[in-house]
Amino acid sequence: MPQIDSLDRGGSQQRDSLSHQAIEDYVKTIYALAQEESPVSTSRVAAARMVKPASATSMIQRLARLNLVNYEKHYGVTLTAAGEKLALEVIRHHRLLELYLMEALGFRWDEVHEQADILEHVISEKLEERIAAALNHPTFDPHGEPIPALDGTMPVVDTTALADVPAGARARVSRVPDDSNSELLRYLAGLGLVPGAEVLVAEVAPFLGPLTVEIDGARHAIGRNLADMVLVEKWAVGQ
Ligand SMILES: [Zn+2]
């Protein structure tokens, strides 16, 4: 086989899968940003995708032609029903994959996000269904993030930041940041700050100082930035 031919075909296949992946990544990003503020400005999308505003705008216009978003210049972007459905499907893939990689294949929780970011775009609905069944239809991923059901509904958990828990109160960890910051996840795991863990907030230093937390009988001082990123369920004061 002439090498140039195979390279060519490889190249165009890669371009196709890249644009399919880019569409899903943008829809997922817009979905996440819309949870904070909707409509989402193109500059926020550009910052989140780490691209120039002009690139984000042209991608958003493409998504609008595919009827995945509504876009008006100077107003911003919102997902259509079809766009939201696609975002939730990709998020479902991602979170199921993270749990499967940990439970079935022994990956650590700080390794799975990177793998899932790639695989979420390529698994079939059949494989997704098998993974969900193998895991007994889970509702949360390893970082405590809810897994959308097939109909797009998600379990709702009433959470607050660990930083907002008063001294003397106990809380159960619900959710940690799921991103590519493996170092942060390894640090949290070392402290035992993982979903399901019970934490006693022993002391809260004044003037936005650190929190002293007790987990499994061991005390650790953690910065407020970190305590802001860890979400907990509602707490009870006292022992
Ligand atoms: Zn992830």
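Criteria and cut-off values
- Residues numbered from 1 in each chain as written.
- Predicted model: local features only at pLDDT ≥ 70, side-chain atom pairs only at ≥ 80, totals over all residues.
- Heavy atoms only, no water.
- Axes fitted to C-alpha atoms, helices over the stretch in contact; angles between N-to-C directions.
- Helix = DSSP H or I, 4+ residues; strand = E, 2+ residues; numbered from the N terminus.
- Parallel < 35°, antiparallel > 145°, perpendicular 65-115°, else oblique.
- Left-handed = near helix turned anticlockwise from the far one by under 90°.
- Contact = heavy atoms within 4.5 Å.
- Buried < 20%, exposed > 50% of the residue type's maximum accessible area, 1.4 Å probe, protein only.
- Donors = N, O, S within 2.8 Å, 3.2 Å for Na, K, Ca; no water.
- Salt bridge = Lys/Arg side-chain N within 4 Å of Asp/Glu carboxyl O.
- Arc of directions from axis to C-beta.

K.L.:
Is there a simple way to explain the packing of helix H4 (residues 81-103) against helix H6 (residues 125-134) in this structure?
P.N.:
Angle between the axes and distance between the axes: these two values describe a pair of packed helices. Where H4 meets H6, the closest approach of the two axes is 10 Å, and the angle between their N-to-C directions is 45°. Taken together, H4 and H6 sit at an angle that is classed as oblique. Once H4 is placed against H6, the crossing between them reads as left-handed. Contact residues: Glu89, Arg92, His93, Leu96, Leu97 and Tyr100 in H4; Glu125, Glu128, Ile131, Ala132 and Ala134 in H6.

K.L.:
Sorry, what's going on with the side chain of Asp25 here?
P.N.:
Here Asp25 is to be found in helix H1 (residues 3-36). On the basis of relative accessibility, which here comes to 11%, the residue Asp25 falls in the buried class. The residues contacting Asp25, other than those within four sequence positions of it, are Arg49, Glu120 and His121.

K.L.:
Sorry if this is basic, but what is going on with the coordination of the zinc ion here?
P.N.:
When four donors bind a metal tetrahedrally, each ideal donor-metal-donor angle is 109.5 degrees, and when six bind octahedrally, the ideal angles are 90 or 180 degrees. Note on the zinc ion: its protein donors are His94 (NE2), Glu98 (OE), His113 (ND1), Asp178 (OD) and Asp178 (OD). The metal-donor distances range over 1.8 to 2.5 Å. One chain supplies every donor to the zinc ion, and in sequence these donors are spaced H-x3-E-x14-H-x64-D. Placement of Glu98 in helix H4 and of Asp178 in the loop between strand S4 (169-175) and helix H7 (182-191) is noted, with a sequence separation of 80 residues between them. Taking the relative accessible area as the measure of exposure, Asp178 reaches 17% and is therefore buried.

K.L.:
Help me understand the pattern of salt bridges, please; the structure alone is not making it clear to me.
P.N.:
Opposite charge on two side chains permits them to pair, given that their charged atoms come into close proximity. Applying the stated criterion to the full structure yields 13 salt bridges. The residue Glu36 makes a salt bridge to Arg44 at a minimum N-O spacing of 3.3 Å. Judged by relative accessible area, Glu36 falls into the exposed class, the value being 63%. Arg44 sits in the partly exposed class, given a relative accessible area of 21%. Sharing partners across several salt bridges, the network here consists of Arg108, Asp110, Glu111 and Arg186.

K.L.:
Looking at this structure, how should I read H7?
P.N.:
Since the α-helix advances by 3.6 residues per turn, residues separated by three or four positions end up pointing in the same direction. All of the buried residues in H7 are Leu184, Leu185, Leu188 and Leu191. With its buried residues spanning 125° around the axis, H7 presents them on a single face. Summarising the geometry of H7, the exposed residues directed more than 90 degrees from the buried face are Glu183 and Gly190.

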